Amino acid sequence: SISHNNNKVPSIRLVIEGVNSITGNISQEKYYNPSLTISGGGTLKISAGNTGINVRSLTIESGTLEITAGQFGVIAKGGVTIKGGEIEVNGGNAFTNDTEVTVDPQSGKQICVYVGDSEAEARTLGTYTSETELIVADTVNKYFHSYIEDAPIVTNVSVSPETATVDAGGTQQF
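> Honestly, the overall build of the chain in this entry has me stumped. Any pointers?
Looking only at helices and strands, one finds zero helices and 15 strands in the chain. Expressed as a percentage of the 174 residues in the chain, the buried residues total 41%. Put simply, 48% of the contacts in the chain that link residues at least 6 apart link residues at least 24 apart. If you sum the accessible surface of the chain, you get close to 9500 Å²; carbon and sulfur atoms cover 44% of it.

> What exactly am I supposed to notice about the packing of aromatic side chains here?
Aromatic ring pairs: the centre-centre distance and the angle between the two ring planes describe each pair. On inspection of all chains with the given rule, the structure shows two aromatic pairs. An angle of 80° between the planes, with centres 5.1 Å apart, marks the rings of F95 and F144 as edge-to-face. Residue F95 is found in strand β10 (residues 86-95), and its partner F144 is found in strand β15 (residues 143-150); the two are separated by 49 residues along the sequence. For the pair F95 and F144, one class covers both residues: buried.

> Could you clarify how one ought to interpret the confidence of the model for the chain in this entry?
Taken over all residues, the pLDDT of the chain has a mean of 85, while the share at 70 or more is 83%. The element-level mean pLDDT for the chain is lowest in strand β1 (residues 2-3), coming to 53, with strand β9 (residues 80-82) highest at 96.

> Hey, could you run me through the environment of F72 in this one?
Assignment of secondary structure puts F72 in strand β8 (residues 64-76). Given a relative accessible area of 15%, F72 falls into the buried group.

The rules behind each value
Residues numbered from 1 in each chain as written. Predicted model: local features only at pLDDT ≥ 70, side-chain atom pairs only at ≥ 80, totals over all residues. Heavy atoms only, no water. Helix = DSSP H or I, 4+ residues; strand = E, 2+ residues; numbered from the N terminus. Buried < 20%, exposed > 50% of the residue type's maximum accessible area, 1.4 Å probe, protein only. Contact = heavy atoms within 4.5 Å. Areas by Shrake-Rupley, 256 points an atom, 1.4 Å probe, with all protein chains shown as cover. Phe/Tyr/Trp six-rings, centres within 6.5 Å; stacked < 30°, edge-to-face > 60°. pLDDT = per-residue confidence, 0-100.

Below, the structure written as structure tokens:
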């Protein structure tokens, strides 16, 4: 498990390279102060009896993060921001009900999100090309998976009738 309860450390940056594993057990009742940012080109596998990650806020910039936890995959009272990488969370609950999860892909990228009670029962929550707060309290139970990929480039679009308008990122049926 990843946690740190020293109030003098405001933030931690974890750069992962290669394949790494952490096994542990922390209590989900404690609130931990620092923010955690994860980046790098490697993989981090976390296996925990109670909670996988318990921090004030979590930002995932890149890398692969695999969390398996008995109680909560992630507790982050200040929210989770996913900017890239691949994240897979399996647990009693992937996130606590009060954890705000935001996807914020880089320009030209999109983040695909799947949720459900298990990997086998996962359904698409959405594909996002801009900063979006996900509603996970009612939709994510035990499983959460997101990954980043290149956003499709659409060219040579014609609109009929010519007076029709569609906002960027929107859809319109005529």
